[in-house]
Amino acid sequence: PPRGPAGLPARPRRRRLGLGFWLPAGWIGLVVLGAATADFWPMPAPETIDFLNRAAMPGTVGEIELAGQTELSDYRYPLGTDNIGRDILSRLLYGARVSLTIGLLAPLIGLLVGGALGVLAGYYRGRIEGVVVAAMDVILAFPALALLLAITFYLGPSLLNLILALGFLSVPASARVARANTLSLARREFVLAAKAMGASDLYILVREIVPNVVMPLLVFAMLLVAVLIVAEGTLSFLGLSVPPPTPSWGAMIEEGRELLDQAPHVTMIPAAAMCLTVLSFNLIGDRLRSLIDPRESRL
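A short tour of the structure in this document, coming up. (Residues numbered from 1 in each chain as written. Predicted model: local features only at pLDDT ≥ 70, side-chain atom pairs only at ≥ 80, totals over all residues. Heavy atoms only, no water.)

With that settled, consider the environment of D39. Looking at the secondary structure, you find D39 in the loop between α1 (19-36) and β1 (61-65). The sequence separation of D39 and G103 amounts to 64 residues, and the corresponding C-alpha distance is 21 Å. Non-local contacts of D39, meaning those with residues more than four positions away in its chain, are made with Y94 and R97. For D39, the side chain forms a polar contact with the side chain of Y94, separated by 2.7 Å. (Helix = DSSP H or I, 4+ residues; strand = E, 2+ residues; numbered from the N terminus. Contact = heavy atoms within 4.5 Å. Polar contact = N/O pair within 3.5 Å; in protein donor to acceptor, adjacent residues only side chain to side chain.)

So, in structure tokens, the structure goes:
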């Protein structure tokens, strides 16, 4: 081991989260806070239309009914209005609820179902592993877009159906991560010692395997959240996201694409919010991975 002054063993360098974690975490916290408190902000409802100020630039003043009021009031649009005169800030905050709900709940389904299947396949091996791996390969081979189209056509476009569909599609990736980590853990000394002491499979899975698989899955979940937020935006262009007038960041980007040459802020503002959020989740996931992976740098 490395030596310090006077030949004493050097104290291991403490790994810190740093700005690479706290800045993205601060942005995500700000988005979550804004989405949670959107009902209390003095701004128009996301579906309120100002016909006199369509595609208005940020800072434009309009006369409109604010939330919780019955009379028209002067209101300065901080981020402007969209193509039909709706407040972009209001739709951005309410749309964050949809995008974050999809981005958080869909990966949760994948982690719970896929994680459980992956742990069982990696621990028991044999026929169970063969069935699980084959099932995951079938799901991965099935065109994701065709599945989403089928679900939307059969059940109708809704937030719940979209979460279930994206959650189902995230199961194979989560199962592979859990299986890979379980395969390495099943050969570790503490697991072999528990088996030698007569511990049951249930005890080993709950006390030894699962706690060590959770952290890699959580790191993977951060990356998966970012992917699914972008996926929701992509599905909006195909009409497979939440139906209007419910706002979402993807729908806001799609609605402003015809005004890119005249009013680019209609598309660029929600696109920037999505970009920063996706980047933040990616940075947090990378930072957490570097902390739990001993092969990563300790800086």
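So, about the packing of helix α6 (residues 171-185) against helix α8 (residues 201-236). Viewed as axis vectors pointing N to C, α6 and α8 meet at an angle of 145°, and their least axial separation amounts to 9 Å. Our pair here, α6 against α8, has a crossing hand that is right-handed. Side by side, α6 and α8 meet where A173, S174, V177, A178, N181, T182 and L185 of the first sit next to I209, N212, V213, P216, L217, F220 and L224 of the second. A breakdown of the residues in the contact of α6 with α8 according to their chemical character gives ten nonpolar, four polar and no charged. (Axes fitted to C-alpha atoms, helices over the stretch in contact; angles between N-to-C directions. Left-handed = near helix turned anticlockwise from the far one by under 90°. Nonpolar A, V, L, I, M, F, W, Y, C, P; charged D, E, K, R; others polar.)

When its volume is computed, the second largest pocket comes out at roughly 310 Å³. Lining the second largest pocket are 17 residues, with L111, L112, V214, L217 and L218 sitting closest to its centre. Elements supplying a minimum of two residues to the lining of the second largest pocket: α2 (88-124) and α8. Among the residues making up the lining of the second largest pocket, the classes are represented as 16 nonpolar, one polar and no charged. (1 Å grid on protein atoms, 1.4 Å probe; cavity = no way out; pocket = protein on both sides within 12 Å on 5 of 7 lines; lining within 4 Å. Points joined across faces, edges and corners; volume = space filled by probe spheres on them.)

All right, on to empty space enclosed by the protein then. The final tally for this structure, using the stated rule, is two cavities of 30 Å³ or more. The volume enclosed by the largest cavity comes to roughly 60 Å³. Listed by contribution, the elements that provide at least two residues to the lining of the largest cavity are α4 (144-155) and α5 (159-169). Its residues placed into classes, the lining of the largest cavity shows six nonpolar, five polar and no charged. Its volume calculated, the second largest cavity comes out at about 40 Å³.

Attention now goes to the pairing of β1. Strand residues, when the strand is regular, have side chains that alternate between the two faces of the sheet. Here β1 shows a buried face lined by G62 and I64 and an unburied face lined by V61, E63 and E65. As paired elements, β1 and strand β2 (residues 72-76) share five bridges and run antiparallel to each other. By the bridge assignment for β2, I64 is matched with S73. (Buried < 20%, exposed > 50% of the residue type's maximum accessible area, 1.4 Å probe, protein only. Pairing = 2+ DSSP bridges.)

In this structure, A55 takes a positive phi of about 55° despite not being glycine. If you trace the backbone, A55 turns up in the loop between α1 and β1. Backbone geometry places R125, a non-glycine residue, at a positive phi of 55°. Position of R125 among the secondary structure elements: in the loop between α2 and α3 (126-141). The exposure class of R125 is partly exposed, given its relative accessible area of 39%.

If you trace the backbone, A221 turns up in helix α8. With relative accessibility at 10%, the residue A221 sits in the buried group. A C-alpha to C-alpha distance of 8.9 Å links A221 and G110, two positions 111 residues apart in sequence.

By the definition in use, this model includes ten salt bridges. Note that R86 and D82 form a salt bridge whose closest N and O atoms lie 2.8 Å from each other. Grouping residues by exposure puts R86 and D82 together as buried. Between E129 and R179 there is a salt bridge, and its shortest N-O distance comes to 2.7 Å. One end of the pair, E129, is in helix α3; the other, R179, is in helix α6, and 50 residues separate them in sequence. The network of salt bridges with common partners includes D82, R86, R91 and E255. (Salt bridge = Lys/Arg side-chain N within 4 Å of Asp/Glu carboxyl O.)

Keep in mind these values describe shape, not function.
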